[in-house]
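Per-entry structural report
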Amino acid sequence: MPYIATRRLHDTFGKKVSRYLSYRKAKRMYNGINRSMMLFEARYLKSKMSHT
């Protein structure tokens, strides 16, 4: 949930919960991308380096 959507929640607790959930989602996305990049590097880049 973007920060603009949190402006509808007038209380501070609602904003904190919303921000926490958005950070968790971003971290989950980052971990997924990082895992994919590691698999890509392991599969393609390291095998090409050993051939040279």
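Sequence order sets the numbering: in each chain, residues are counted from 1 along the sequence as written. Where totals are concerned, whole chains, interfaces and linings use all residues; where local detail is concerned, this predicted model gives features only for residues with pLDDT of at least 70, and gives and counts side-chain atom pairs only at 80 or more. Remark: hydrogens and water are excluded; side-chain values derive from all non-hydrogen atoms of the structure.

Overview of the overall build of the chain
In DSSP terms, a helix is any run of H or I states spanning at least four residues, a strand is any run of E spanning at least two, and both are numbered starting from the N terminus. Scanning the chain for helices and strands turns up 2 helices and 0 strands. To sort residues, take the accessible area from a 1.4 Å probe on protein chains only and compare it with the maximum for the residue type: under 20% means buried, over 50% means exposed, and anything in between is partly exposed. Taken over 52 residues, the chain has a buried fraction of 8%. Here the chain displays about 5200 Å² of accessible surface, and carbon together with sulfur accounts for 63% of that area. With residues, only the protein chains shown are counted as cover, and all accessible areas are computed by Shrake-Rupley using a 1.4 Å probe.

A short note on a nonpolar patch on the surface
A cluster of nonpolar side chains, contributed by Ile33, Met37, Phe40, Tyr44 and Leu45, occupies part of the molecular surface with about 490 Å² of accessible area. Inspection of the secondary structure puts methionine 37 in helix H2 (residues 12-51). With a relative accessible area of 43%, methionine 37 lands in the partly exposed category. Patches draw on residues past 30% relative accessible area with no salt bridge. Two like charges within 9 Å are joined, as are two nonpolar side chains (Val, Leu, Ile, Met, Phe, Trp, Tyr) within 5 Å. Criterion for a salt bridge: a side-chain nitrogen of Lys or Arg within 4 Å of a carboxyl oxygen of Asp or Glu.

Brief notes about the packing of aromatic side chains
For this analysis, a ring pair means two rings from Phe, Tyr or Trp (six-membered ring only for Trp) whose centres lie within 6.5 Å, classed as stacked if their planes differ by under 30 degrees, edge-to-face if by over 60, and tilted for the remaining angles. Under the defined criterion, the tally for this structure stands at 1 aromatic pair. With 5.1 Å between their ring centres and 45° between their planes, phenylalanine 40 and tyrosine 44 make a pair best called tilted. Of this pair, phenylalanine 40 and tyrosine 44 both sit in helix H2, 4 residues apart, which is roughly one turn of the helix.

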